[in-house]
Amino acid sequence: MIRYGSAVSAFVLTVLAASCSHKGESAILPKPTAFGAAVVESSGGKQLAQTGSLLPQPVVVQVNDEQGAAVTGALVEFAAAPGVGFDPPDGLTDSSGQVTTNVSLAGMAGRYQITAFTFDKSHKRLELKLEEIALGYQETLGRRLNDQYCDRCHNSESTVERVSNYDNLEVKPHPFTEGDTLNKISNTDLTAIITNGGPALQKSALMPAWGNTLSKTDIQALIAYIRAVSDPPSRSAGPTYARR
Amino acid sequence: MKEKLTSLWQKLFGDPVRAFGVVSLVFLLSLAIAPAKNYFSEWRHYQHSYLRMIRNRSDANTLQRHFQGGIHQIWLPELGVVDRCTSCHVGLKEASLTDVATQPFRKHPVVPHKLDEFGCVVCHRGQGAATTVAEAHNSTLAWEQPILPAKYIESSCGQCHRGPMLGTPQLNQGRALLKREGCVHCHTIKLPDGSPIQPNDDPPSLEHIADKTTREWIYAWLRDPQSYAASATMPNFKLSDDDARDVSAFLMANSAPLAGDRAKITAKPASDPSAGPSLYGESFCASCHSVQNAAGNLVGGDVGPELTRIGSKVKPEWLQAWLRNPRSYDPGTAMPHYRLNDGQVATLSGFLLAKTDSDLLANVHLDPATPEQIAHGKRLVSDYGCASCHEIAGIKKPENFAPELTRIGSKPITQLIFLPGMQHTLPEYIAGKIKQPRAFSPGLKMPQYTLAPAQIDALTTALLSFNERSFTLPPSLAVPGVPESDYQPAGKAGKLMSDLACFSCHRISGHGGDMAPDLTWEGSSVQREWLVQFFKNPGTLRPALIRRMPRFNLTDGEITELTDYIMTVYQNPAVDRDSMPLSGYPQGQVELGRQLFYGKYSCQGCHIVDTKTDKGYIGPTLTHVGSRLTAAWMYQWMKNPQALRPGTIEPNRAMSDEDARALTAFLMSQKGGAKQEIAKK
């Protein structure tokens, strides 16, 4: 009886889901005037945003022909896990072969795979996959702490407002995106080096101890941030949300 | 037909026994409806799928043990919470379920509060007591709340937390924008403690506007403020040509010349064409004012107005009088009185007046105003509520010009009028109103702002936090923000400090800006002689800073006045300035300090003591620190920097007394020797 009940409700849900997705697909797509041989990223991959929010920069993709020249008038559609919004969700490439869309991520923290696709002359589907990162509360807190306390040593990029200190350090720290190094350091070790400084892991004392300045919650938030942004992804980064 | 029914009746109820049987069957079936509904309920379906999902996991046994079937409920009477969400969201507290992608089973992400203490709807809104997905998440009836979209979730933090927090950047930004964009000039927003939010955009008075600019400029500005300065705060009121003509006519006619010293400057600007830009640079005007560069980017601060086209706006005599002493035109301005001499005023005004845009006023041709136009302009000025922001002679600041927004975050949807195609939710409504207010009705007065999508989201987040719950929550849960203090220094020195607008950049005792160091304990921290020299010739202590302290051409008397005041009043009771000597530390202790500096604490990562070897760029340069700071301050700073300057990024190293003393000894020996060596070479 129970099984029967769940089967029925599953059926109802499937029907509901099907009718919903049907509604979504009824939008009319623009008619392509040209076809490409590849779709590539121009900009906008690997950005960070808070859950549910717009990415700071739009995603721009380009359609090229066999020779690598930009194709105008090819249709590009964007797709991702439910809850991810694209404005616009599709478009024809402009005179420089590009389509630009503003992306807002869904409500769960984690990685989102975004697919941009187009078709070639023989109606074969060409795909480009990009990854974007949604930060939850803890990772957002970590990001702010990183901006305030860590970034100027750990990030070699300078801006007018914030000159990086990276080049001035005799021992070079790693950017927190450097997954190849940071994924190998356990949470316990990360906590140790942030709390007690470089010497806690037999590393340079140029890495200061933060245990009397930052709270345990702060340090956990920093670690959550480090795990969230690492590339390649750390194992504890959670699932990647992709189109079903 | 009738016969058929009669025969059916006869068949069913003709015989009493049969009738009893039929009636019992009907009863039985109707009794079965409730349990059947229960069996087919959504939450039961989700609990079954949850059990199926965990069956294949390595921690199946633990998860199974934690699982409890049935409806779950979190009941928090003092918060008005009856939340059954956990009936479907079964795994919210399961630490291992962070890797689950299928909802509703993922573990709740880490937040500072416990589920059992706050429930779900306090943050997420929605119908806590509902037991179906649709009712819990989507209900939009007047007395109900749909789930809050994730992008506005920080609004819920703002219900209790009234001040900015590190983990809620969007809420902080939204609250700051409400003040900075001047929303609260027209819309009253009262915080639960009864205090209204105060704007901080400081719109100029228009009582003497004819001294400052021309009618043509006012006309162009009214038509489109952003065409004069992309960064302009004033929104676009979308006035017609005629309306802009009449408002500009009224403002000019209504302006009274300012009494006071208007003597024309006879001094000539410096002949060297680079003198203007260098005076602009040396005076650090760019710390507060921005100018568009060739690439179209704004470079500079946003405390004062953008100056890209200033030459097309201001009258030369006004600019010179302003540069000579801005306070005589606007006593409350954030701009310092620089004490420039006439030559400098001529040079700087010449440089600024050359920043023109010939397109701006090219098509503006206004005939002399008629009395009817002026009268119509005055009516428009009242109608649009200009005096909500600007002082205008003869027009009172209107009370409650626009709807109060104190409880906008729980406004019932039945009271809202939506645009076609809009989702019928409160956040959509608020965001839509900010984005395009006049779309809701062409007759509305709310002007058009130029805001980025992220700014609209931030403002919506802040507005959603002003809701019923923020008023009804138990007072013990409210976390007040730190109110801006109204600290004002006293006496002659206090007058001097407001003349120099120190508080535009520096903070003292909770009042003032955050561009430059907090000076609350400056008297304990620095040596007197250093301070005197610094006023005469301010340099920067931080190599990577682009904003610096300007030089103010102070007289010796003024410098003495300021220094005396700072040295006596801005004293930290925990730092006894005279408890440690400024020099004469034993060589051994200095040497130990040097080792600690370069070894154990590796201070050279952020600071420079020896310009030949050290490169650290984050903290102040310490080459002269022994002639700048007091030893007692330095010692206390080593022990606990945050106790002296809350929020400083210098890490607290919990140093032993011995280490702190040795480092103090080493640093006090840094009296600028290295620089002299360089000079000798």
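Rules and cut-offs
Residues numbered from 1 in each chain as written. Chains lettered and ligands numbered in written order. Predicted model: local features only at pLDDT ≥ 70, side-chain atom pairs only at ≥ 80, totals over all residues. Heavy atoms only, no water. Helix = DSSP H or I, 4+ residues; strand = E, 2+ residues; numbered from the N terminus. Buried < 20%, exposed > 50% of the residue type's maximum accessible area, 1.4 Å probe, protein only. Contact = heavy atoms within 4.5 Å. Areas by Shrake-Rupley, 256 points an atom, 1.4 Å probe, with all protein chains shown as cover. Polar contact = N/O pair within 3.5 Å; in protein donor to acceptor, adjacent residues only side chain to side chain. Salt bridge = Lys/Arg side-chain N within 4 Å of Asp/Glu carboxyl O. Core = buried A, V, L, I, M, F, W, Y, C linked by side-chain atoms within 4.5 Å. Buried area = accessible area lost by both parts, 1.4 Å probe. Nonpolar A, V, L, I, M, F, W, Y, C, P; charged D, E, K, R; others polar. Axes fitted to C-alpha atoms, helices over the stretch in contact; angles between N-to-C directions. Parallel < 35°, antiparallel > 145°, perpendicular 65-115°, else oblique. Phe/Tyr/Trp six-rings, centres within 6.5 Å; stacked < 30°, edge-to-face > 60°. Lys NZ or Arg CZ within 6 Å of the ring centre and 35° of its normal. Domains from an automatic or database assignment. Pairing = 2+ DSSP bridges.

Could you clarify how one ought to interpret the overall build of chain A in this entry?
The secondary structure content of chain A amounts to five helices and ten strands. Every one of the 244 residues in chain A was classed for burial, and the buried ones make up 47%. For chain A, restricting intrachain contacts to residue pairs at least 6 apart in sequence, the fraction spanning at least 24 positions comes to 58%. In the structure as shown, chain A presents an accessible area of about 12500 Å², 54% of it carried by carbon and sulfur atoms.

Explain the environment of B:T347 here, please?
Residue and element names in this part refer to chain B. With respect to the helices, strands and loops of the structure, T347 is situated in helix 17 (residues 342-353). Judged by its relative accessible area of 10%, T347 falls in the buried class. In the structure, T347 is positioned 75 residues away from D272 in sequence and 9.5 Å away in space, judged by C-alpha atoms. Contact partners of T347, with chain neighbours within four places excluded, come to P269, A270, A275, G276 and L279. Side-chain polar atoms of T347 contact the backbone nitrogen of A270, separated by 3.0 Å. A polar contact is formed between the side chain of T347 and the backbone oxygen of G343, at a distance of 2.9 Å.

Honestly, the pattern of salt bridges in this entry has me stumped. Any pointers?
Within this structure, the stated rule accounts for 25 salt bridges over all chains. With a closest N to O distance of 3.3 Å, A:E131 and A:R111 form a salt bridge. Here A:R111 lies in strand 8 (residues 110-119) and A:E131 lies in strand 9 (residues 125-135), a separation of 20 residues in the sequence. Across the salt bridge formed by B:D241 and B:R223, the nearest N and O atoms sit 2.7 Å from each other. Residue B:D241 is found in helix 14 (residues 241-254), and its partner B:R223 is found in helix 12 (residues 215-223); the two are separated by 18 residues along the sequence. Assessed through its relative accessible area of 39%, B:D241 is described here as partly exposed. The exposure class assigned to B:R223 is partly exposed, which follows from its relative accessible area of 32%. By sharing partners, the salt bridges in this structure join A:R125, A:E127, A:K129 and A:R243 into a single network.

I keep staring at the environment of B:Y635 and nothing clicks. Help me out?
Residues and elements named next belong to chain B. Position of Y635 among the secondary structure elements: in helix 28 (residues 631-639). On the basis of relative accessible area, Y635 is assigned to the buried category, the value being 11%. Here the alpha-carbon distance between Y635 and I508, two residues 127 residues apart in the chain, equals 22 Å. When near neighbours in sequence (up to four residues on either side) are disregarded, Y635 contacts M580, D657, A660, R661 and T664.

Even after reading the chapter, I still don't get the nonpolar core, so can you show me in this structure?
For soluble globular proteins, nonpolar side chains are generally found buried alongside one another. Residue and element names in this part refer to chain B. One finds L323 and L667 to be the most contacted residues of the largest nonpolar core, which totals 100 residues. With sequence-adjacent residues up to four places away left out, L667 is seen in contact with F597, V609, L622, V625, G626, M634 and M638. Grouped together as the second largest cluster of nonpolar side chains are 29 residues, Y152, C183, A431 and L459 included.

Help me understand the interface of chain A and chain B in this model?
The figure often quoted for interface size is the accessible area lost as the parts come together. In this complex, chain A contributes 44 residues to the contact, which on the side of chain B involves 46 residues. The junction of chain A with chain B conceals about 3800 Å² of combined surface from both sides, 62% of it contributed by carbon and sulfur atoms. For the chain A face of the interface with chain B, the top three residues by lost area are A:Y137, A:N168 and A:N212, together amounting to 14%. Taken together, chain A and chain B are joined by eight residue pairs in polar contact (both at pLDDT 80 or more). Of all the secondary structure elements, the ones that give two or more residues to the side of chain A that touches chain B are helix 1 (2-25) and helix 2 (137-154) of chain A. Among the elements that make up the side of chain A that touches chain B, the one with the highest residue count is helix 2 of chain A (ten residues). Residues of the side of chain A that touches chain B, tallied by class, amount to 23 nonpolar, 17 polar and four charged.

I keep staring at the packing of helix 2 of chain A against helix 5 (residues 216-229) of chain A and nothing clicks. Help me out?
Geometry of a packed helix pair, given as the angle between the helix axes and the separation of the axes. All names here are of chain A. Contact pair helix 2 / helix 5: the axes reach a minimum separation of 7 Å and the direction vectors enclose 100 degrees. Between helix 2 and helix 5, the interaxial angle falls into the category roughly perpendicular. Touching Q138, E139, L141, G142, R143, L145, N146 and C150 of helix 2 are D218, Q220, A221, L222, A224, Y225 and A228, all from helix 5.

Looking at this model, I keep getting lost on the packing of aromatic side chains. Mind explaining?
The description of an aromatic ring pair uses the distance of the two centres, along with the angle that the planes make with each other. The full count for this structure, using the stated rule, is 24 aromatic pairs over all chains. One aromatic cluster in this structure is built from B:Y487, B:F503, B:Y565 and B:Y570. Here A:R125 stacks its cationic end above the ring of A:F117, 3.7 Å away from the centre of that ring. Between B:R407 and the ring centre of B:F471, over which it is positioned, the NZ or CZ distance is 3.9 Å.

Even after reading the chapter, I still don't get the domain arrangement of chain A, so can you show me in this structure?
Residues and elements named next belong to chain A. Each assigned domain of chain A is listed here: domain 1 (38-135) and domain 2 (137-236). Each of domain 1 and domain 2 has a C-alpha centre, and the two are 31 Å apart. Across the contact, seven residues belong to domain 1 and eleven residues belong to domain 2. Taken together, the two surfaces of domain 1 and domain 2 that pack against each other cover about 730 Å², and 55% of this comes from carbon and sulfur. Of all residues in domain 1, the largest losses of buried area upon contact with domain 2 belong to L48, R111 and L135, amounting jointly to 67% of the total for that side. Between domain 1 and domain 2 we count one salt bridge in total. A salt bridge links D231 to K46; the nearest nitrogen and oxygen atoms lie 3.6 Å apart.

Hey, could you run me through the pairing of strand 9 of chain A in this one?
Residues and elements named next belong to chain A. Both strand 2 (residues 48-50) and strand 9 contribute to a ladder of three bridges, which runs parallel. Looking at the pairing, A49 lines up with A134 of strand 9. Pairing between strand 8 and strand 9: ten bridges, direction antiparallel. Residue pairing across strands places F119 opposite R125, the latter belonging to strand 9. With antiparallel pairing between neighbouring strands as the criterion, strand 8 and strand 9 make up a hairpin whose turn holds five residues, including H123 at a positive phi of roughly 60 degrees.

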